[in-house]
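Listed below are the residues making up each chain.
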Amino acid sequence: MHHKANNKQIDTVITAVKNMGLTAKPIPGSQRTAIGVLGNKGYIDDLNIRDLPGVKEVIHVTKPYKMVSRDFHPRGTIIKVADVEIGEGKRPVVIAGPCAVESENQIVRTAVAVKRIGADLLRGGAFKPRTGPHTFQGLEKEGLRLLALAKKKTGLPIVTEVMTPENVSLVAKYADVLQVGTRNMQNFDLLKELGRISKPVLLKRGMSATIEEFLAAAEYIYSEGNHKVILCERGIRTFETATRNSLDLSVIPLINELSHLPVIIDPSHATGKRSLVPPMSKAALVAGANGIMVEVHPEPDKALSDGPQSLTIQGFEKLMREIGKLTSFLGY
Ligand code: PEP
Ligand code: MN
């Protein structure tokens with residue numbers, strides 16, 4: 001709308017959009033109000049709208065995502081998990097913990113240590129999407145129970161993966177943030193189910209997904225009604241085999257341009273190599289990430305999954321000291 005458009009003119013446009021059988025979403029901005037139009041399956045003939053009083057211009061958004069785009073929501077979304085705030089302008093968060101929950105001793109020991117060192121949230125998989133069926137598949141429900149125990153001992157909120165739509169309500173009972181793994185980024189039934197709960201979702205980028213596909217996947221969750229979506233870059237498949245994946249750090253500034261959702265980096269799965277995790281964590285923060293998620297294990301050599309990329313407790317402590325200096329340099 002024109003910056004001088006009055007409320008009556010805005011309401012007239014909203015009514016015109018509704019009369020076309022579509023949804024109108026007013027987006028007040030500092031200069032002017034924009035009105036997002038949703039629900040069309042294809043190109044909309046804007047004849048009924050463009051000449052209404054107060055209309056400045058009609059922009060056709062052809063992206064497969066709208067609600068998660070900056071066009072629809074100019075201000076960055078802040079997501080609250082217990083008393084931790086994730087998003088634009090907030091101190092970057094640190095999510096730490098083992099790849100998988102393996103035992104009570106392992107998860108509680110890790111939780112107590114990462115809490116003492118300064119992690120904001122605890123990660124740990126109970127349901128594990130493993131490449132082959134002959135490896136450790138996670139403790140499942142028992143793993144969730146152990147995560148609850150670790151939370152009780154430390155107060156750390158829990159991030160854990162859910163793999164199927166059927167398990168969303170079970171995992172939501174234990175998790176503070178439900179994770180969608182890279183292999184499930186386009187499991188649309190799972191995304192839709194997660195759109196119907198009120199807990200935050202950490203959506204990992206598919207290992208071969210474009211940014212557009214990534215944001216379109218977030219749109220599935222968002223458009224069902226759950227607006228608490230955190231995006232996570234975890235490396236993509238390229239020709240390179242020296243690292244497990246290739247960390248695409250450019251997604252941070254790019255997603256910040258394209259979307260209002262917070263974006264974090266997982267340097268552990270991105271590199272597959274413990275020694276690369278600290279430098280890439282710091283690079284992510286300099287590039288503007290809203291947080292990092294790193295794997296930490298008290299005895300990585302004995303880990304049932306992803307030992308080579310897991311930091312030791314001492315390694316995590318060193319990284320956190322460096323991050324402390326970096327975040328104060330960045331002004332947090
Ligand atoms: C994980 O974070 O536990 C995990 C399985 O990661 P990804 O889905 O990125 O491979
Ligand atoms: Mn892992």
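For the structure, see preceding data.
As a starting point, this report considers the structure included with it. Think of each chain on its own: its residues are numbered from 1, step by step along the sequence as written. Whichever chain is written first becomes A and whichever ligand is written first becomes 1, with later ones labelled in order. Local features in a predicted model are, by the rule used here, given only for residues with pLDDT of at least 70; side-chain atom pairs are given and counted only at 80 or more, and totals for whole chains, interfaces and linings are based on all residues. With hydrogens and water set aside, each side-chain value is computed from the structure's full complement of heavy atoms.

## With respect to the pairing of strand β7 (residues 158-161)
Next, step 1: What you see with β7 is no split at all: Ile158 and Thr160 on one side and Val159 and Glu161 on the other are buried throughout.
Next, step 2: The rule for pairing is simple: two strands pair if DSSP sees at least two bridges between them. Numbering of helices and strands runs from the N terminus; a helix is a DSSP stretch of H or I covering at least four residues, while a strand is a stretch of E covering at least two. Sheet topology note: the strand β6 (residues 121-123)/β7 ladder contains two bridges and is parallel. Looking at β7, one finds that Arg123 is bridged to Val159.
Next, step 3: Bridge count between β7 and strand β8 (residues 177-180): three bridges; the pairing is parallel. Its bridge partner lying in β8, Val159 is registered against Val177. To sort residues, take the accessible area from a 1.4 Å probe on protein chains only and compare it with the maximum for the residue type: under 20% means buried, over 50% means exposed, and anything in between is partly exposed.

## Here's the deal with the coordination of the manganese ion (ligand 2)
Ideal values differ by geometry: the angle at a metal is 109.5 degrees with four tetrahedral donors, but 90 or 180 degrees with six octahedral donors.
Next, step 1: Here a donor is any nitrogen, oxygen or sulfur atom (N, O, S) within 2.8 Å of the metal, with 3.2 Å used for Na, K and Ca; water is not among the atoms considered, so some sites may look incomplete. On the protein side, the manganese ion (ligand 2) has Cys99 (SG), His269 (NE2), Glu295 (OE) and Asp306 (OD) as donor atoms, found 2.0 to 2.4 Å from it.
Next, step 2: Read from N- to C-terminus, the donor residues coordinating the manganese ion (ligand 2) fall into the pattern C-x169-H-x25-E-x10-D. Here Glu295 lies in strand β12 (residues 291-295) and Cys99 lies in the loop between β5 (93-97) and α3 (104-117), a separation of 196 residues in the sequence. The same class applies to Cys99 as to Glu295, namely buried.

## Section: the site of ligand 1
Next, step 1: Within the structure, ligand 1 sits among Arg123, Lys128, Glu161, Gln179, Gly181, Thr182, Arg183, Lys204, Arg234 and His269.
Next, step 2: Definition of a polar contact: a pair of N or O atoms within 3.5 Å, with one able to donate and the other able to accept a hydrogen when the atoms are protein atoms, and with sequence-neighbouring residues admitted only if both atoms are side-chain atoms. Between ligand 1 and Arg123, the relevant distance is 2.7 Å, taken from an oxygen atom to a side-chain nitrogen or oxygen of the residue.
Next, step 3: Lys128 places a side-chain nitrogen or oxygen 2.9 Å from an oxygen atom of ligand 1.
Next, step 4: Burial of ligand 1 by the protein amounts to 96% of the accessible area it has alone, namely 290 Å².
Next, step 5: Each cavity reported here is a set of points on a 1 Å grid over the protein atoms alone in which a 1.4 Å probe fits but cannot get out, each pocket an open set with protein on both sides within 12 Å along at least five of seven lines, and each lining residue one with an atom within 4 Å of a point. Should more than half of a molecule's atoms lie within 2 Å of a pocket's or cavity's grid points, that molecule is taken to sit in it. When atoms are counted within 2 Å of each cavity's grid points, the one that captures over half of ligand 1 is the second largest pocket. Any residue with at least one heavy atom within 4 Å of a molecule or strand is counted as near it. Per-residue accessibility takes into account occlusion by the displayed protein chains alone, with areas from the Shrake-Rupley method and a 1.4 Å probe.

## Details of the side chain of Gln106
Next, step 1: Note that Gln106 resides in helix α3.
Next, step 2: For Gln106, a relative accessible area of 5% gives the class buried.
Next, step 3: Of note is the side chain of Gln106, whose polar atom sits 2.9 Å from the backbone oxygen of Ala100.
Next, step 4: There is a polar contact of 2.8 Å between the side chain of Gln106 and the backbone nitrogen of Glu102.
Next, step 5: Only heavy atoms enter the contact rule, under which two residues are in contact if any of them lie within 4.5 Å. Each residue touching Gln106, except ones within four places of it in the same chain, is listed here: Pro98, Ala100, Val101, His297 and Pro298.

Interpretation note: all reported values are geometric properties and have no functional meaning in isolation.
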